[in-house]
Amino acid sequence: HTGAWDVPPAERAAHREGALLAAEAGWEVLRDGGTAQQAVIAAIVLMEDDPALNAGCGSVLCREGWVELDAALMTGERLEVGAVGCVRDVKNPIKLAAALLPQEEVLLVGGGASRFARAQGVPTCPPGSLVVPREERRLKVWRERHPADTVGAVALDARGRLAAGSSTGGRPGKPSGRVGDAPVPGAGVWADDTCGAAVATGWGEEILRFSLARRTAELGREHTAEDACWIAMRDFQERLQGRGGVLLVASDGSLGWGFSTSTMAVALMAAVMDAPRVEGISEDP
């Protein structure tokens with residue numbers, strides 16, 4: 001997915017295209033015998049490199065005018081998690097999150113995450129290279145209501161293993177040091193081979209309070225993937241007036257998504273399909 005928010009009409013084609021290309025990249029990995037983890041990384045790297053999306057290059061700016069990135073990767077077999085937050089100098093934070101999977105630490109932020117990147121050979125970049133003119137303009141007109149999108153991917157591989165990943169620049173005008181839901185296990189990302197893999201997107205503070213990704217995956221034990229997503233979103237709205245979306249692949253391979261915003265571009269691919277398709281871009285929630 002490329003985020004659940006009120007995507008301006010002029011930007012919707014780019015969101016569709018970004019989701020579609022990411023699904024194709026992830027599916028190519030699975031088709032060639034790769035793991036769910038590798039597929040999720042491939043999909044998210046492509047979206048982080050897309051300046052039209054709020055992840056990596058093209059992310060929204062914090063109040064001080066720079067980019068701070070969050071990302072997480074989780075695998076369902078042993079519930080391994082790697083997550084990073086407030087990263088300013090890594091173009092592909094999903095790669096940095098992946099490098100944390102075999103480590104004892106789960107979540108690194110700020111300068112500590114950057115030092116870990118250099119130690120692991122994860123490429124760094126000048127912070128200014130992540131800033132695009134579109135987001136500089138948005139920061140100038142930033143006001144109380146603003147978009148809060150993310151990118152994310154879930155995958156089930158031929159071995160029956162699940163993985164979920166998320167990456168974001170956060171929300172425009174955020175204070176420096178703010179970490180949202182994207183890198184937090186259970187909130188923005190969750191993978192458990194016994195039920196499903198889910199990623200959430202939207203207003204991070206409410207998603208953090210609600211643990212939206214884990215709630216959705218757990219609902220997949222008793223409901224179809226589609227029903228699990230819409231039940232989770234219904235409860236999210238009723239309890240916290242939450243605005244956002246969620247994407248789920250259940251352990252049986254079924255797919256589902258739900259959103260309470262006007263738009264959420266979702267691209268999906270399965271073995272029974274001839275080509276990936278895009279869903280979710282619409283005028284109505």
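We now turn to the structure provided with this report. Bear in mind the structure is a predicted one, so any value in this text is a computation, not a measurement.

The subject of this paragraph is unusual backbone geometry. One non-glycine residue, Ser 211, adopts positive backbone phi at about 55°. On the secondary structure map, Ser 211 appears in the loop between α6 (204-210) and α7 (212-219). Accessibility expressed as a relative area gives 31% for Ser 211, which makes it partly exposed. The phi dihedral of Gln 241 is positive, around 55°, even though this residue is not glycine.

There is a patch of nonpolar side chains on the surface, built from Val 106, Leu 107 and Val 109 and spanning about 220 Å² of accessible area. Along the polypeptide, Leu 107 turns up in strand β4 (residues 107-109).

Let us now look at the packing of helix α3 (residues 93-100) against helix α4 (residues 110-120). Relative orientation of the contacting elements α3 and α4 amounts to 80°, with a least axis distance of 10 Å. Between α3 and α4, the angle is such that the two are roughly perpendicular. Here Leu 96, Ala 99 and Leu 100 of α3 lie close against α4, whose contacting residues are Ala 113, Phe 116, Ala 117 and Gln 120. The class makeup of the residues in the contact of α3 with α4 is six nonpolar, one polar and no charged.

With 16 residues, helix α8 (residues 225-240) should reach 22 Å at 1.5 Å per residue; the first-to-last C-alpha distance of 22 Å fits that figure. For α8, every residue scored as buried is listed here: Ala 225, Ala 228, Cys 229, Ile 231, Ala 232, Met 233 and Phe 236. In the core, the buried residues of α8 are packed alongside α6, α7, β9 (244-250) and β10 (255-259). One or two residues past the end of α8 sits Gln 241, with phi positive at roughly 55°.

On to the pattern of salt bridges. As a working rule, side chains carrying opposite charge can pair if their charged atoms are close by. All chains considered together, the criterion is met by 18 salt bridges. Residues Arg 78 and Glu 80 are paired through a salt bridge, measuring 3.3 Å at the closest nitrogen-oxygen approach. The partly exposed category is assigned to Glu 80, whose relative accessible area is 25%. Arg 221 is the partner of Glu 218 in a salt bridge, and the nearest nitrogen-oxygen pair spans 2.7 Å.

A few words now on the packing of α7 against α8. Their axes nearest at 8 Å, the elements α7 and α8 cross at an angle of 135°. Taken together, the axes of α7 and α8 are oblique relative to one another. Here α7 and α8 pass one another in a crossing that is right-handed. Residues Leu 212, Thr 216 and Leu 219 of α7 form the contact with α8, whose participating residues are Ala 228, Cys 229, Ile 231, Ala 232, Met 233 and Phe 236.

Ordered by their spatial adjacency, four strands build an open sheet running β7-β8-β9-β10, and the pairing between neighbours is antiparallel. A single partner strand is all that each edge strand has here, and the edge strands are β7 (189-192) and β10. Ignoring which end each strand starts from, the neighbouring axes of this sheet average 10° apart. Both β9 and β10 contribute to a ladder of five bridges, which runs antiparallel. Of the residues in β10, the one forming a bridge with Gly 245 is Phe 259. Relative to strand β8 (residues 196-202), α7 is tilted by about 140°, and along the sheet it contacts β7, β8 and β9. Strand contacts of α8: β9 and β10, with the helix running at about 20° to β10, the strand carrying the most contacts.

With that out of the way, let us pick up the pairing of β7. Where burial is concerned, the two faces of β7 agree: the one with Val 189 and Ala 191 and the one with Trp 190 and Asp 192 are both buried. Direction of pairing for β7 relative to β8: antiparallel, over a ladder of four bridges. Bridge pairing links Trp 190 to Ala 198 in β8. Hairpin geometry of β7 and β8 is characterised by an intervening segment of three residues between the two adjacent antiparallel strands.

We now examine the sheet that holds strand β2 (residues 69-75). Within the open sheet, the five strands sit side by side as β4-β3-β2-β6-β5. Their pairing is mixed. Edge strands, defined here as strands with exactly one partner in the open sheet, are β4 and β5 (151-156). Pairwise comparison of adjacent strand axes, ignoring direction, gives a mean angle of 5° for this sheet. Relative to strand β3 (residues 81-87), β2 runs antiparallel, the two being bridged by five bridges. By the bridge assignment, Met 74 is partnered in β3 with Val 81. The strands touched by α4 are β3 and β4; relative to β4, the strand with the most contacts, the crossing angle is about 105°.

Quick notes on the rules
- Residues numbered from 1 in each chain as written.
- Predicted model: local features only at pLDDT ≥ 70, side-chain atom pairs only at ≥ 80, totals over all residues.
- Heavy atoms only, no water.
- Helix = DSSP H or I, 4+ residues; strand = E, 2+ residues; numbered from the N terminus.
- Buried < 20%, exposed > 50% of the residue type's maximum accessible area, 1.4 Å probe, protein only.
- Patch = residues over 30% accessible without salt bridge, like charges linked within 9 Å, V, L, I, M, F, W, Y side chains within 5 Å.
- Areas by Shrake-Rupley, 256 points an atom, 1.4 Å probe, with all protein chains shown as cover.
- Salt bridge = Lys/Arg side-chain N within 4 Å of Asp/Glu carboxyl O.
- Axes fitted to C-alpha atoms, helices over the stretch in contact; angles between N-to-C directions.
- Parallel < 35°, antiparallel > 145°, perpendicular 65-115°, else oblique.
- Contact = heavy atoms within 4.5 Å.
- Nonpolar A, V, L, I, M, F, W, Y, C, P; charged D, E, K, R; others polar.
- Expected span 1.5 Å × (residues − 1).
- Left-handed = near helix turned anticlockwise from the far one by under 90°.
- Pairing = 2+ DSSP bridges.

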